[in-house]
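# Descriptive structure summary
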Amino acid sequence: MMLAGRIDHIQAAWTKLGLRAAQLVLAGGADDLGGVLLDGALDPHAGPEQGRQLTVDDVTALADGLGRPVRQRTTVYGEIP
């Protein structure tokens, strides 16, 4: 309650948590699946997470499981039509 209105967005970083834990964090109130960039593939120099990939179908299935919409955003949380 102390931070209400002070934090606009909270990410669930699937690259660190894994998909199942990220889904639980989203269910708990996070509003962004962090780590999903452009084609969904992580840079080969990303360290331990290198080579992991999340497809549009993966994101859609995860959102459907939560009853949440899928939308693409800018880096400052603007809408991408």
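Before going into details, it helps to say that this report is about the structure given with it. Just so it is clear, the model here is predicted, and its values are computed rather than measured.

Applying the stated criterion to the full structure yields 2 salt bridges. Among the ionic pairs, Arg73 bridges to Asp32, the shortest N-O distance being 2.8 Å. Taken together, the residues span a long stretch of sequence, with Arg73 in the segment after helix H3 (56-66) and Asp32 in the loop between helix H2 (19-27) and H3 at a distance of 41 residues. We classify Asp32 as buried; its relative accessible area is 9%. A salt bridge links Arg71 to Glu79; the nearest nitrogen and oxygen atoms lie 3.3 Å apart. Classification of Arg71 by relative accessible area gives partly exposed; the value is 45%.

Considering all chains together, one arrives at 0 aromatic pairs under this definition. Its guanidinium or amino end placed over the ring of Tyr77, Arg73 lies 3.9 Å from that ring's centre, counting from NZ or CZ.

Relative to the elements of secondary structure, Ala63 occurs in helix H3. Placed 30 residues apart in sequence, Ala63 and Leu33 show a C-alpha to C-alpha distance of 9.5 Å. When sequence neighbours within four positions are dropped, the list of residues in contact with Ala63 reads Arg68, Pro69 and Val70.

With that settled, the discussion passes to H2. Within the sequence span of H2, burial applies to Ala22, Gln23 and Leu26. The buried residues of H2 occupy an angular sector of 100° when projected down its axis, which confines them to one face. Residues of H2 that are exposed and point more than 90 degrees away from the buried face comprise Arg20 and Ala27. For H2, the secondary structure elements touched by its buried residues are helix H1 (14-17) and H3. Two residues or fewer past H2, Gly29 is found with a positive phi of approximately 130°.

About the thresholds
- All residue numbers refer to position in the chain's written sequence, counted from 1.
- Thresholds applied to this predicted model are a pLDDT of at least 70 for local features of residues and 80 or more for the giving and counting of side-chain atom pairs; totals over whole chains, interfaces and linings are not thresholded and use all residues.
- Processing note: side-chain calculations cover all non-hydrogen atoms of the structure and skip hydrogens and water entirely.
- Here a salt bridge means any side-chain nitrogen of Lys or Arg lying within 4 Å of a carboxyl oxygen belonging to Asp or Glu.
- Think of it this way: any DSSP run of H or I at least four residues long counts as a helix, any run of E at least two long counts as a strand, and we number them from the N terminus.
- Remark: exposure states derive from per-residue accessible area (1.4 Å probe, protein chains only) relative to the maximum for the residue type, with buried under 20%, exposed over 50%, and partly exposed in between.
- Planes of paired rings set the category: under 30 degrees apart is stacked, over 60 is edge-to-face and the rest tilted, where pairs are Phe, Tyr or Trp rings (Trp by its six-membered ring) whose centres lie within 6.5 Å.
- Two conditions define a charge located above a ring, namely a distance within 6 Å from the ring centre to NZ of Lys or CZ of Arg, and an angle within 35 degrees of the ring normal.
- Throughout, a contact is declared for two residues whenever any of their heavy atoms are within 4.5 Å.
- Working note: the arc is built from the helix axis to C-beta atom directions.

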